[in-house]
Each structure stands twice: as C-alpha cells, then as structure tokens.
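The primary structure of each chain is shown beneath.
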Amino acid sequence: MRICVIGTGYVGLVTGAGFAETGNHVTCVDVDSTKIARLQAGEIPIYEPGLEDLVQGNRSHGRLTFSTDVAKGIAGAEVVFVTVGTPPRPDGGADLSFVDKAAETIADAMTGELVVVLKSTVPVGTHERVRRILKERAKHPFHVVSNPEFLKEGDAVADFMKPDRVVVGTDSEHARETMRRLYAPLTMTRERLVQMDPASAELTKYVANAMLAMRISFMNEVAALCERVGADVRLVRYGVGSDERIGPKFLYSGCGYGGSCFPKDVLALLHTGRELELELELVGATDRVNQRQKGVLLRKLKARYGGDLRGRRVGVWGISFKPRTDDIREAPALTLIDGLLAEGASVAAHDPVAMEAASARFGDRVELVENEYDAAKGADALVLVTEWQQYRSPDFAQLRASMRRPLLIDGRNVWAAYDLGEQGFDYEGIGVRASKLDR
Ligand code: NAD
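All values reported here derive from a predicted model rather than from experimental measurement. (Residues numbered from 1 in each chain as written. Predicted model: local features only at pLDDT ≥ 70, side-chain atom pairs only at ≥ 80, totals over all residues. Heavy atoms only, no water.)

**Student:** I'd love a proper account of the overall build of the protein, names of residues and values included.
**Tutor:** Of the regular secondary structure elements, the protein holds 17 helices and 14 strands. Expected size for 439 residues packed as a compact globule is a radius of gyration near 22 Å; at 23 Å, the protein falls within 12% of this value. Taking the principal axes of its C-alpha atoms as reference, the protein extends roughly 70 × 45 × 40 Å. For the protein, buried positions account for 54% of its 439 residues. Of all intrachain contacts in the protein linking residues separated by at least 6 positions in sequence, the fraction that spans at least 24 positions is 73%. Distance from the positive charge centre (56 side chains) to the negative charge centre (61 side chains) of the protein: 2 Å. (Helix = DSSP H or I, 4+ residues; strand = E, 2+ residues; numbered from the N terminus. Rg over C-alpha atoms; globule rule 2.2 N^0.38 Å. Buried < 20%, exposed > 50% of the residue type's maximum accessible area, 1.4 Å probe, protein only. Contact = heavy atoms within 4.5 Å. Lys, Arg positive; Asp, Glu negative; His and termini not counted. Charge placed at Lys NZ, Arg CZ, Asp CG, Glu CD.)

**Student:** Lay out the packing of helix α9 (residues 198-229) against helix α12 (residues 281-293) in plain terms, naming residues and giving numbers.
**Tutor:** For the pair α9 and α12, interaxial distance at closest approach is 9 Å and the crossing angle is 55°. Taken together, α9 and α12 sit at an angle that is classed as oblique. Crossing of α9 against α12: the hand is left-handed. Residues A213, M214, S217, N220 and E221 of α9 touch α12, and the partners they reach there are L282, V283, T286, V289, N290, R292 and Q293. (Axes fitted to C-alpha atoms, helices over the stretch in contact; angles between N-to-C directions. Parallel < 35°, antiparallel > 145°, perpendicular 65-115°, else oblique. Left-handed = near helix turned anticlockwise from the far one by under 90°.)

**Student:** A description of unusual backbone geometry should follow, citing residues and the corresponding values.
**Tutor:** Although it is not a glycine, F250 sits at a positive phi angle of roughly 55°. Along the chain, F250 falls in the loop between α10 (233-241) and α11 (262-275). If you check the backbone angles, R324 has positive phi at about 70° while not being a glycine. Counting through the fold element by element, R324 comes out in the loop between β9 (313-317) and α14 (332-342).

**Student:** Any details on the sheet that holds strand β13 (residues 407-410)? Residues and values, ideally.
**Tutor:** Pairing is parallel across the open sheet formed by six strands, whose spatial order is β11-β10-β9-β12-β13-β14. Two strands close off the open sheet at either side, each with one partner strand: β11 (367-368) and β14 (426-428). Note: β9 against strand β12 (residues 381-384), four bridges, orientation parallel. Within β12, the residue paired with V316 across the bridge is V383. (Pairing = 2+ DSSP bridges.)

**Student:** So what's going on with the domain arrangement of the protein? Which residues, and what values?
**Tutor:** The domain architecture assigned to the protein consists of domain 1 (2-196) and domain 2 (217-428). Taken over C-alpha atoms, the centre of domain 1 sits 33 Å from the centre of domain 2. Taken together, the contacts link 20 residues of domain 1 with 16 residues of domain 2. The contact between domain 1 and domain 2 buries some 1300 Å² in all, and 50% of this surface belongs to carbon and sulfur atoms. Across the domain 1-domain 2 interface, the total number found is one salt bridge. (Domains from an automatic or database assignment. Buried area = accessible area lost by both parts, 1.4 Å probe. Salt bridge = Lys/Arg side-chain N within 4 Å of Asp/Glu carboxyl O.)

Below, the structure written as structure tokens:
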C-alpha cells in the first residue's frame with residue numbers, strides 16, 4: 001500500500017518505518033525541516049533502540065522516504081496516518097491545532113479515495129471534528145479511523161511490530177478492511193484487532209493511560225504509608241501483585257510518572273469529564289498524587305539537611321523520564337533539578353542519552369558530566385532518578401570514596417537490596433526499609 005505518515009516524531013517515525021518493514025511504500029512528512037533534513041541525511045533525530053536499523057534498512061530499499069512537502073506526501077496515498085502532537089493547553093485540554101491543520105492539508109492535497117487514520121491521542125469526538133473538516137474541503141471520498149497507538153518509548157519498535165492489540169474504531173467497512181490488511185503481518189500469531197466505534201476507540205487510549213497512571217499513583221500513596229508504619233513497599237507489591245486479578249505490572253513506587261503521555265492524557269481525560277460536567281474523581285486524584293510525588297526527592301534531601309540546601313552539591317543520575325529514551329518531557333528529574341537550583345544547591349547530572357536535551361533545557365546552570373561517577377565527586381548526596389541499567393549495580397566503594405557525604409537517595413528503589421547501611425551509606429528509597437529484604 002502507499003502510505004503517508006504526517007508528523008515524524010516518536011510515534012510517526014516508528015509507524016512509518018514499521019509499515020515500510022512489512023512491504024508498504026511510506027512517505028513520512030513533517031513541517032520541521034531540521035528533523036527531515038537529519039532523516040534525509042541518514043540520522044535518527046531521537047533515541048529509540050532498534051529504530052535506526054529499521055529506518056536505514058527500509059530507506060536503502062526505497063520503501064521509506066522523508067519530506068517536508070506534506071501535500072506531495074499525501075497525493076497518491078491510499079492511507080494517511082496522522083501522528084502529530086496533541087500537547088496540553090493551559091486548561092488541561094488537548095491542543096488539537098496540529099490535528100486540525102493536518103486534516104485541512106489532507107483535504108486539500110488528496111488525489112483519490114483515502115483512509116484517514118487518527119493515531120495521535122485525541123479526545124473523544126475528534127474523529128467527528130476531522131470528518132467535518134474533510135467534508136467541507138475534500139474533493140474525493142474519505143474514511144476516518146481512530147487507531148490509537150499504545151507503543152512505549154524505549155520499546156517502541158517491538159511494541160509496534162508485535163502489538164498486544166490494535167484498536168480500530170471506524171464506521172466504514174472499507175476502512176476496516178484496509179486496516180485489517182495493513183496490520184495482518186503484525187497480528188499473524190493471534191487475532192489482535194479490536195474493532196469498535198470511533199468514540200470508544202478514542203476513549204480506550206485515555207482510559208488505558210489513566211489506569212496505568214492510577215496504579216502508579218496508588219502505589220506511591222502506599223509507599224508513603226509504608227514509611228509511616230515501618231512496612232516495605234516492595235514486600236507489599238510482591239504480596240499484592242501475585243494476586244492474578246491484580247498482576248505485578250505498574251505497581252512500582254518511585255518519584256512520580258513523567259513523559260509526554262501519562263501527565264497530559266490524565267489531564268485531558270479530566271478535562272473531557274469537566275466539559276461534560278462529570279468530575280472524574282479518581283483521575284483527578286491520580287494527577288494530584290503524582291504532582292506531590294514529583295517533589296518527594298527534594299523533600300527527602302531537604303529533610304536530611306535541616307531544610308537548607310544552600311551550597312550543597314547534589315549528583316543526579318538519570319534525566320530522561322524513563323530508561324531507554326532521550327525524552328525528558330515532564331521528567332521527574334526536571335522537577336528535582338529545578339527545585340535544587342531554586343534552593344541554592346549546585347547540581348552535577350548524568351544521563352546515558354538525554355544529555356543533549358538536558359543541555360538545551362538547563363544550559364550551564366547544571367554541570368552535565370560524561371561519566372556518571374563524576375556526578376558523585378564531592379557530592380553531599382547522590383540521587384538516582386531514572387533506573388537506567390548501568391546505574392543499577394554501581395561500584396559503591398568508588399562512590400563512597402568520592403562523595404563528601406555518603407547519602408544516597410534512590411527514587412526507584414533499585415539499590416534497596418544492597419544493604420547499603422553496612423557499606424557506610426545513609427540510604428533512603430521510596431517506601432522501603434533501608435535494611436535487607438525480610439524474606
Ligand atoms: P512528537 O512531538 O515527537 O512528534 C510530532 C511531530 O508532528 C513533530 O515532529 C511535529 O513537527 C509534527 N507536526 C506537527 N504538525 C504537523 C503538520 N501539520 N504536518 C506535519 N507534521 C506536523 O510527538 P509524539 O511523541 O510522536 O506523539 C504524537 C502523538 O502520539 C501524540 O498525540 C501523543 O500523545 C501520541 N502518542 C505518543 C506516544 C509516545 O510514546 N510518544 C505513545 C502513544 C501515543
């Protein structure tokens with residue numbers, strides 16, 4: 001099939017490369033000329049494991065091309081995927097201006113019957129909005145599909161090529177059949193297409209993200225309770241997660257969720273409810289708990305230093321919102337670092353791949369170090385914010401020797417099992433006992 005993907009970000013690039021891999025001819029278009037120039041030069045503008053091979057392989061076979069000419073990419077296509085951003089507006093609702101613009105461009109540029117697939121995360125009713133825009137301007141028949149994307153940054157390629165499920169929401173038989181053919185290579189081992197109406201499909205995406213975010217926020221509340229009563233949140237997690245009705249995933253307490261999806265999607269769902277005079281209490285609480293949790297590391301540090309961090313030097317490990325991505329949008333590390341700087345502390349930070357993004361965000365206000373051990377040198381505390389593999393089992397003796405004060409604050413509880421007290425550290429996690437696991 002001839003496919004055009006509008007918006008070449010995390011979702012668009014993976015979608016384009018993924019469908020090219022299964023034999024389609026894909027043009028990925030974007031209004032960001034710098035991004036497209038880098039892609040045309042064979043550079044991948046984002047860090048996503050496995051993506052570079054997928055892109056280069058398909059480029060070299062001529063199945064994947066990049067262009068800033070959005071209209072040219074649409075002309076002749078049978079299917080257009082809309083994967084533009086839907087960032088939060090100040091009131092929490094989703095900003096649909098990029099989606100509107102893409103719909104207008106599609107209407108003006110289409111050259112024949114077209115299936116328009118909304119893959120961006122959009123509030124319920126957006127398919128109607130897009131349908132209206134197309135109806136006003138299009139000169140050819142069109143079909144609108146809501147096909148939300150569930151990939152995870154860091155595992156995006158595997159998630160796309162072997163999806164848990166593919167949600168397809170449309171009223172059009174032609175569109176349904178087109179989607180079935182397109183996804184057939186990715187859903188061969190078992191039926192994964194979940195078909196529904198467009199409104200249900202749009203809502204499914206928000207409910208999935210809100211449900212996951214809710215589990216995290218709940219466990220963060222449980223962690224705070226554990227600290228008060230002397231329980232260990234890891235043991236509680238094992239105990240609770242082994243119930244098959246609950247399951248073990250997304251039960252990790254930490255320093256709050258971030259990224260470009262959970263925070264904005266939770267707020268957008270809340271906003272949708274409010275527009276309809278329906279207060280979604282659990283969704284609102286999920287966000288409030290998370291806002292509070294993103295301050296937990298700074299609170300712990302301040303408590304250790306009598307509320308005064310002026311002149312303290314703090315090492316930070318991990319800036320991206322989670323491991324295996326360079327995405328720092330809404331990352332808990334940003335909240336921590338901003339807070340430390342405001343309190344008069346100095347910060348030395350490391351991240352395996354997000355240094356460029358961090359440098360653009362902080363400039364020279366933060367010392368960005370090439371080697372993670374340099375962040376600990378002379379530090380009054382080392383804080384682990386993102387659980388990259390390389391931070392999980394560090395050389396504690398080296399850390400101990402180079403830090404001014406051996407204080408470790410672990411925002412992901414990855415060092416909780418090392419009995420760091422015996423090694424001369426002052427250790428604090430999130431809802432864990434500092435001693436060995438009692439089991
Ligand atoms: P992104 O910001 O990385 O990329 C969006 C791209 O769209 C940008 O490169 C931008 O220049 C381009 N764009 C904007 N308007 C355009 C237009 N009119 N024509 C052409 N290009 C245009 O965003 P993303 O992270 O890939 O997310 C895209 C959508 O997918 C969002 O709605 C997001 O919520 C959703 N989503 C994201 C993820 C994720 O993990 N990042 C996962 C699932 C769903």
